[in-house]
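# Chains, contacts and geometry: an overview
Residue-level listing of the chains:
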Amino acid sequence: MTVAPLIAMKSTKCDSLEAVGKELDRRAHTYANDVDQSGRHVGYLCRAGDESPVPLEQAIERRMGELNTKRKIRDNQVRAMGFIVSSNDALDEKDAREFLDRSVQWFGARYGYENLLAAQIHLDEGTPHAHIWIAPVIRGEDGHDRLCAKELFAPDKRRKNADGKWEVTAQGTMSRLQEDFWEQVAKPYGYERPMRHELRAKGYRSLDAYKVQVGTKRALKSEIETLEVARDKAKHGAITAKRELDGLEQLRVESHAKLGAVTAKVDEKRAQAAEIDRRIAEKMAEIDRLNGEIGEKLELRNEVGDEIQRESARLESLRRGTRAVARDVEELRPVAAEIGRWEAAGRAERGTILDSITARCAGAARAARAAIEELRDRIWALMRPRKAQGGGYGLDEMVRDATEAAKAWNRSHEAPARSRGQVR
């Protein structure tokens, strides 16, 4: 727990009463500090007959009018002493309200409720605190009242020692006030005993210095809490990161093993692919060779087909010639019959038969010559393409063969003439 809350003090003279009162009960329109103007402040009824909290300047005027003094109160005399009791962020709002209420009651009991001028608890700033104003009045043995702030709230007397450091030589009533307040009010709430000398050595001589110190501590406390939260998050993040790192390491080991197996399979597949490529190359070479052979076969087939066509045409021509010869033979059969009859006839009939044979032979000769001419034209038409293709059967040979064929045919038809010559 922190030390007891600081009790700051300030005096008020006539020229500052109204300004202090407006700041106390929030009648001012603007404030220098961080005031929440939602109205979260509590004013006390210092007198039983008051219906509402009396402004400080009116309360001071009322109290000064009640005093029984020997002489007139001077304008420069201190008419009110102000104190600020703060909870120092050590208590929640409920406990702070209770602590501040007890503080107000303690001041009223210590200095007399008739001298309690005004009291306000402010909950509209960063730290709950109470403003308490006391009239510094002492009643003498003679029954007269007098204002004596120095006697009631005298500070400690200090001087420098031989080492040049300040030390307290006489403890005043303010030191006793601090001790009594801690013992009777602050101690039950867990506050530590105030360190008077250490606090004074740190410069706690005014409310402004205290606010600066409290604000610094508040900022440091907030920063420490933020850093602690960040530290916890970082620690949790480090644990999580360690777990993730362990998982990634395990995954890396497993992936490395899987990668080795995959690499071996890839090498195997590459070797298989190389073998397949080699076989494909062999098959492509075989296909090229077969394509060459097929080309040759196609050329040979085309040549054979052309030869077959030529032979078929030649055969058809010969068939036509044979049919013509067969017709000629049929035409010559009557001649042969006449010849047979001529050989068997006598001399008187042979002349007539011979004339008939001669007429028949002349008609057959004319038909034969026409057939020979037709046969020659056909042979010439058949042999000309072969000659153009480089064959060995020329025009002269064709004419010679045709002439020989014609002569042979003529010889076969000259028998009646020879027979006739023999008769003669």
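Sequence positions are assigned chain by chain, starting from 1 and proceeding in written order. Per-residue local features of the predicted model are confined to residues with pLDDT of at least 70, and side-chain atom pairs are confined, for both listing and counting, to 80 or more; whole-chain, interface and lining totals are unaffected and use all residues. Heavy atoms from the whole structure form the basis of all side-chain values; hydrogens and water molecules are not counted.

In this scheme, patches are assembled from residues that exceed 30% relative accessible area and form no salt bridge. Like charges are connected within 9 Å, while nonpolar side chains (Val, Leu, Ile, Met, Phe, Trp, Tyr) are connected within 5 Å. For accessible areas, the Shrake-Rupley method is used with a probe of radius 1.4 Å. Any residue's cover is judged against the shown protein chains and nothing else. A carboxyl oxygen of Asp or Glu within 4 Å of a side-chain nitrogen of Lys or Arg is what we treat as a salt bridge. Together, Ile276, Ile280, Met284 and Ile287 give the surface a local cluster of nonpolar side chains, amounting to about 360 Å² of exposed area. Following the sequence through the fold, Met284 ends up in helix 7 (residues 207-344). Strands are runs of DSSP state E lasting at least two residues, helices are runs of H or I lasting at least four, and both sets are numbered from the N terminus onward.

Only buried Ala, Val, Leu, Ile, Met, Phe, Trp, Tyr and Cys residues count toward a nonpolar core, and they belong to the same one when joined by side-chain atoms within 4.5 Å. Burial here depends on accessible area, computed with a 1.4 Å probe over protein chains only, as a share of the maximum for the residue type. Under 20% is buried, over 50% is exposed, and the range in between is partly exposed. Residues Phe83, Val85, Phe99, Phe107 and Phe181 are the most contacted members of the largest nonpolar core, which totals 32 residues. With seven residues, the top contributor of residues to this core is helix 3 (residues 93-111). Ranked by size, the runner-up nonpolar core spans 16 residues in total, among them Met64, Ala80, Trp133 and Leu147.

Okay, the pairing of strand 4 (residues 116-122) next. By the criterion of burial, strand 4 is predominantly enclosed, with seven of the seven residues buried. When DSSP finds two or more bridges between a pair of strands, those strands are recorded as paired. When strand 4 meets strand 5 (residues 129-134), the two strands line up antiparallel, connected through six bridges. From the neighbouring strand, Leu116 faces strand 5, where its bridge partner is Ile134.

Further remarks concern the pattern of salt bridges. Between side chains of opposite charge, a pair can form when the charged atoms approach closely. Counted by the stated rule, this structure contains 16 salt bridges. For Asp232, the salt bridge is made with Arg231, and the minimal N-O distance between the two is 3.5 Å. The partly exposed category is assigned to Asp232, whose relative accessible area is 40%. Among the charged side chains, a salt-bridge network with shared partners connects Glu275, Arg278, Arg279 and Glu282.

One number per residue, pLDDT, summarises how confident the predictor is, and it ranges from 0 to 100. This prediction gives the protein chain a mean pLDDT of 76; 76% of its residues lie at or above 70. In this description, contact between two residues means that some pair of their heavy atoms is separated by no more than 4.5 Å. A low-confidence stretch, residues 415-424 (pLDDT under 50), is modelled with 10 contacts involving residues beyond four sequence positions or located in other chains.

Moving on: the side chain of Asp180. For Asp180, the location among the structural elements is in helix 5 (residues 173-186). The contact partners of Asp180, leaving out residues within four places of it in the chain, are Trp106, Arg110 and Val185.

So, about helix 2 (residues 56-66). Those residues of helix 2 that fall on the buried side of the exposure criterion are Leu56, Glu57, Ala59, Ile60, Arg63 and Met64. Taken around the axis of helix 2, the buried residues stretch over an arc of 160 degrees, which confines them to a single face. Those residues of helix 2 that are exposed and angled more than 90 degrees off the buried face are Glu61 and Gly65. Looking at the buried side of helix 2, the elements it contacts are helix 1 (17-24), strand 3 (80-86), strand 4, strand 5, strand 6 (137-139) and strand 7 (145-147). What the arc describes is the spread of directions from the helix axis to the C-beta atoms.

What follows is about the packing of aromatic side chains. Pairing of aromatic side chains requires ring centres within 6.5 Å, counting the rings of Phe and Tyr and the six-membered ring of Trp. Pairs whose planes differ by under 30 degrees are stacked, by over 60 edge-to-face, and all others tilted. Summed over the entire model, instances satisfying the criterion amount to 10 aromatic pairs. Consider the rings of Phe83 and Phe107, whose centres lie 4.9 Å apart with planes at 40 degrees: the pair is tilted. With Phe83 in strand 3 and Phe107 in helix 3, the pair connects residues that are 24 residues apart, well separated along the chain. There is no split in this pair, since Phe83 and Phe107 are both buried. Grouping aromatic residues by their ring pairs yields a cluster made of Phe83, Phe99, Trp106, Phe107, Tyr111, Phe153, Phe181, Tyr189 and Tyr191.

Turning our attention to the packing of helix 1 against helix 2. Lines fitted to C-alpha atoms define the axes here, with helix axes fitted over just the stretch in contact, and angles between the N-to-C directions of these axes take values from 0 to 180 degrees. Where helix 1 contacts helix 2, the axes come no closer than 7 Å and their chain directions differ by 125 degrees. Relative to helix 2, the element helix 1 lies oblique. Residues Leu17, Glu18, Val20, Gly21 and Leu24 of helix 1 touch helix 2, and the partners they reach there are Leu56, Glu57 and Ile60. Residues are grouped as follows: Ala, Val, Leu, Ile, Met, Phe, Trp, Tyr, Cys and Pro are nonpolar; Asp, Glu, Lys and Arg are charged; every other residue, Gly included, is polar. For the contact of helix 1 with helix 2, the residue count by class is five nonpolar, one polar and two charged. Our angle categories are set so that under 35 degrees counts as roughly parallel, over 145 as roughly antiparallel, 65 to 115 as roughly perpendicular, and the remainder as oblique.

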